[in-house]
Amino acid sequence: MTVLVDCQGLTKHFGHKAVLQQLDLQIHAGAPIALVGANGAGKTTLLSVLCGYIQPDQGRVQVLGHQAGSPALSGRLGALPQDAQFDPDFGLARQLHWLARLQGMSAAKSRQETERVLALVDLTAEAGSKVVQLSHGMRKRLAIAQALLGEPELVLLDEPTAGLDPLHAKALRDCIQQLSAHCTFVISSHNLFELEQLCGTVLMLEQGQIRQQVAQVSEAGVLRLQLCQENYQPLLPLLQQLPGLVSFLIVSKLQLELRYDAARVADFDVQLLQLLHQQDIDYRQLSRGPSLEQQLFQSGS
Ligand SMILES: Nc1ncnc2c1ncn2[C@@H]1O[C@H](COP(=O)(O)OP(=O)(O)OP(=O)(O)O)[C@@H](O)[C@H]1O
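Definitions and cut-offs
Residues numbered from 1 in each chain as written. Predicted model: local features only at pLDDT ≥ 70, side-chain atom pairs only at ≥ 80, totals over all residues. Heavy atoms only, no water. Helix = DSSP H or I, 4+ residues; strand = E, 2+ residues; numbered from the N terminus. Buried < 20%, exposed > 50% of the residue type's maximum accessible area, 1.4 Å probe, protein only. Contact = heavy atoms within 4.5 Å. Areas by Shrake-Rupley, 256 points an atom, 1.4 Å probe, with all protein chains shown as cover. Near = heavy atom within 4 Å. Polar contact = N/O pair within 3.5 Å; in protein donor to acceptor, adjacent residues only side chain to side chain. Nonpolar A, V, L, I, M, F, W, Y, C, P; charged D, E, K, R; others polar. Salt bridge = Lys/Arg side-chain N within 4 Å of Asp/Glu carboxyl O. Pairing = 2+ DSSP bridges. Axes fitted to C-alpha atoms, helices over the stretch in contact; angles between N-to-C directions. Core = buried A, V, L, I, M, F, W, Y, C linked by side-chain atoms within 4.5 Å. Expected span 1.5 Å × (residues − 1). Arc of directions from axis to C-beta. Parallel < 35°, antiparallel > 145°, perpendicular 65-115°, else oblique. Left-handed = near helix turned anticlockwise from the far one by under 90°.

Looking at an unreviewed UniProt entry, one finds the protein named ABC transporter ATP-binding protein and attributed to Alkalimonas cellulosilytica.

What follows is the structure, encoded as structure tokens:
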């Protein structure tokens, strides 16, 4: 597997405060990777070191085989910084075009890339607008477009959907999912629900180190069912008759957790949905596995 990031003994202080302490980390190419941690845990600091925006005090930081911050990473590493800034008085397309040119693209290729990334974040209609005319969420989308210029192999996104409306947040998640076929995303976010939908691996930053890696976000064989009303009692004996059911647990008033033999019954979820339909029982959500929140905070970490 291709190693995209390799940190060994990475240490960064701000004043007397050690934010990253002898941190070791390897990131491989593949499905999006989540970076989580409490406020002030050092997520932005870690991403900033990987981008070369700030220098570590100690340690080795290799990104795509180069030292972090190396000019060789231009166009190969994309980043959405937490507080990305643009010149407020210049047009969107003009700024993206200029950034693409800085990456070494020809004028024609820069135009093409500008159009592509603006379309990805649904800002084509605003291509000629000045940044000052954009809302906060639109500026965020522009910053994401900038991170995707040149089809980088690795993209670091710091709180990508914070401030986006639900529709554009979903569109961005879909976009990340599609682009993940050719590009590895590292996403720092406090939105565990979102990370759960997107990411294959979760890195938890705590006390300056990567404390926990949850290798698999979704676990086959476990479904969580969120119901709308408490009138589901007649469902319980019928659940026991579903082929492949191993056990079920009433987690809370409106939430059930079902364990099933995934090797034997691949379409257990479909059967469950059919049963709910037959019994006329409304549900709010059906999702796989223990939640990321449970894995991170209730598994004896
Ligand atoms: N330029 C700086 N000067 C001094 N201290 C800083 C600087 N940047 C970050 N810090 C401190 O480093 C620590 C880690 O900050 P960082 O922004 O990396 O955390 P974070 O995990 O991204 O937090 P959040 O989830 O709140 O965005 C915090 O205590 C912060 O106050």
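1. A few points about the overall build of the protein
Looking only at helices and strands, one finds nine helices and 14 strands in the protein. Considering only C-alpha atoms, the protein reaches an extent of 65 × 45 × 35 Å along its principal axes. Put simply, the protein has 301 residues, and 46% of those count as buried. The contacts of the protein with a sequence gap of at least 6 include a subset with a gap of at least 24, amounting to 67%. In the structure as shown, the protein presents an accessible area of about 15200 Å², 49% of it carried by carbon and sulfur atoms.

2. Observations concerning the site of the ligand
In the vicinity of the ligand, 13 residues are found, and the nearest of them are G40, K43, T44, T45 and H190. N39 places a side-chain nitrogen or oxygen 2.9 Å from an oxygen atom of the ligand. Contact distances for the ligand include 3.2 Å between an oxygen atom and a side-chain N or O atom of Q82. The protein chains hide 61% of the 640 Å² of surface that the ligand would expose on its own. Of all the elements in the fold, those that place two or more residues in the shell around the ligand are β2 (17-28) and α1 (43-51). With three residues, α1 is the largest single contributor of residues to the shell around the ligand. Residues of the shell around the ligand, tallied by class, amount to four nonpolar, seven polar and two charged.

3. Some details on the pattern of salt bridges
Tallying each qualifying case throughout the model produces seven salt bridges. Taking the shortest distance from any N to any O, the salt bridge between E153 and R76 comes out at 2.7 Å. With E153 in the loop between α4 (136-148) and β7 (154-158) and R76 in the loop between β5 (66-67) and β6 (77-80), the pair connects residues that are 77 residues apart, well separated along the chain. Classification of E153 as partly exposed rests on a relative accessible area of 32%. The partner of R173 in a salt bridge is E194, and the shortest N-O contact between them spans 2.9 Å. Placement of the pair is R173 in helix α5 (residues 166-179) and E194 in helix α6 (residues 192-198), with a sequence separation of 21 residues.

4. Thoughts on the sheet that holds strand β13 (residues 255-260)
Taking strand neighbours across the sheet as the criterion, the four strands line up as β12-β13-β11-β14 in an open arrangement whose pairing is antiparallel. If you trace the sheet from one side to the other, it starts and ends with β12 (245-252) and β14 (283-288), each paired once. Strand-to-strand twist across the sheet, computed as the mean angle between neighbouring axes with direction ignored, equals 20°. With five bridges connecting them, strand β11 (residues 222-227) and β14 associate as antiparallel partners. When the sheet's bridge partners are listed, L227 is paired in β14 with Y283. Here helix α8 (residues 268-278) sits on the sheet and contacts β11, β12, β13 and β14; the angle it forms with β14, its principal contact strand, is near 170°.

5. Considering the nonpolar core
Of all hydrophobic cores here, the largest spans 39 residues; its most connected members are L142, L157, F185, I187 and L195. Top element by residues in this core is α4. It accounts for seven residues. Residues in contact with L195, not counting those within four places in the same chain, are A34, V36, I187, S189 and L292. Core analysis: the second largest hydrophobic core is formed by 29 residues, I33, L35, A79 and I210 among them.

6. Regarding helix α3 (residues 107-120)
Because each turn of an α-helix spans 3.6 residues, side chains separated by three or four positions in sequence point in the same direction. When the terminal C-alpha atoms of α3 are compared, their 20 Å separation across 14 residues agrees well with the 20 Å that a helix rising 1.5 Å per residue should span. Those residues of α3 not exposed but buried are S110, E113, T114, V117 and L118. Burial along α3 is one-sided: seen end-on, the buried residues are contained in an arc of 130°. Those residues of α3 that are exposed and aimed more than 90 degrees away from the buried face are Q112 and E115. Against the buried residues of α3 lie α2 (92-102) and α4. Of the residues trailing α3, D122 is marked for its positive phi of about 60°.

7. Considering the packing of α2 against α4
Closest axis-to-axis distance for the α2/α4 pair is 10 Å, and the angle between their directions is 25°. It follows from the interaxial angle that α2 and α4 lie roughly parallel. Seen along the crossing, α2 lies across α4 with a hand that is right-handed. Across the interface between the two elements, L92, L96 and L99 of α2 pack against L142, A145 and Q146 of α4. Looking at the contact of α2 with α4 residue by residue, the class counts come to five nonpolar, one polar and no charged.

8. Considerations on unusual backbone geometry
The phi angle at E159 is positive, at roughly 50°, despite the residue not being glycine. In this fold, E159 is placed in the loop between β7 and α5. A positive phi is found at D280, a non-glycine position, where the angle reads about 60°. One can find D280 in the loop between α8 and β14.

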